[in-house]
Amino acid sequence: DDQIERERASQRLSGGCCALAAVYLMGKFYVANAGDSRAIIIRNGEIIPMSREFTPETERQRLQFLAFLRPELLGKEFTHLEFPRRIQPKELGKKMLYRDQNMIGWAYKKIEEDDLKFPLIYGEGKKARVMATIGVTRGLGDHDLKVFSSNIHIKPFLSCFPEVRVYDLTQYEHCPDDVLVLGTDGLWDVTNDQEVAGVVMEVLTSYEPNDPCRYTMVAQELVVRSRGVLKERGWRLANDKLGSGDDISVFVIPLGGPGNYT
């Protein structure tokens, strides 16, 4: 992240990205995630999560705590408190549910002038945004990203530090159908863990266990199904729902080989 910041001046580059990495070292997989990509292990049909998405919803308390400690980052335009909906001026003095950086549940407070500011985190699910700008809370770069038509920087709220999870391959016997799947949010926006596992099993069983192409074909099938088919109303999935409009990158990594297939 520091290197990206140094190079943005010399190479005149801007922007940022999420990062999901898997490192195999001495019999263990280390999976590091900074962003909204996802990794899962499929072992004997069982799904083992190896990462979690970092979004305004999942990191609400971290973001609110930073804003509480450093209110100057909000530029007098935002409030770190969260409300169920936008507050109207006519509601000043009334009581409304809210929560701050210390709260999991909700409580009531009397609405004050500062509460009329736009919330630091607004929206739900995939529509949740930090300062109405970005929907992911960890990643690399984005040092120049600002709130639209303002001088308020988003970067202080974006962490470049990944969460790392470890999987010990020596603790289990793995067959050729056991895999690690890495995918960007373009895959997971329209395909859940169970559906991915279903595609993995479906494609792998159509190839011989010692065929190395089988894993590439699984990745390709996951991308194709998540993108969908172009129709009059846009890209559509098999169930006629909208296909992924985001970039889709998928890696399928085998955990076992033909030698220990049982």
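What counts as what
Residues numbered from 1 in each chain as written. Predicted model: local features only at pLDDT ≥ 70, side-chain atom pairs only at ≥ 80, totals over all residues. Heavy atoms only, no water. Helix = DSSP H or I, 4+ residues; strand = E, 2+ residues; numbered from the N terminus. Buried < 20%, exposed > 50% of the residue type's maximum accessible area, 1.4 Å probe, protein only. Contact = heavy atoms within 4.5 Å. Areas by Shrake-Rupley, 256 points an atom, 1.4 Å probe, with all protein chains shown as cover. Lys, Arg positive; Asp, Glu negative; His and termini not counted. Salt bridge = Lys/Arg side-chain N within 4 Å of Asp/Glu carboxyl O. Domains from an automatic or database assignment. Buried area = accessible area lost by both parts, 1.4 Å probe. Nonpolar A, V, L, I, M, F, W, Y, C, P; charged D, E, K, R; others polar.

The protein chain goes by PPM1J phosphatase in an unreviewed UniProt entry, where it is assigned to Oceanites oceanicus.

A. Focus on the overall build of the protein chain. From N to C terminus, the protein chain includes 5 helices and 17 strands. A buried classification covers 42% of the 262 residues belonging to the protein chain. Within the protein chain, contacts between residues at least 6 apart in sequence are counted, and of these 60% link residues at least 24 apart. Accessible area of the protein chain: about 14900 Å², with a carbon and sulfur share of 53%.

B. Structural context of the side chain of D36. Structurally, D36 is set in the loop between β3 (28-34) and β4 (38-43). Lacking a salt bridge, the buried D36 has K126 as its closest oppositely charged neighbour, with an N-O distance of 4.1 Å. Look past the residues within four positions of D36 in its chain and what remains in contact with it is C18, E53, F54, K126, V136 and D185.

C. Region of the structure containing the domain arrangement of the protein chain. As far as domains go, the protein chain holds domain 1 (1-52 + 162-254) and domain 2 (59-141). Listed by partner, the interface residues are 14 residues for domain 1 and 6 residues for domain 2. Both sides of the domain 1 and domain 2 interface together cover about 810 Å² of buried area, and 56% of this is carbon and sulfur. At the boundary of domain 1 with domain 2, the tally comes to 2 salt bridges. The residue K126 makes a salt bridge to D189 at a minimum N-O spacing of 3.0 Å. By residue class, the composition of the side of domain 1 that touches domain 2 is 6 nonpolar, 3 polar and 5 charged.

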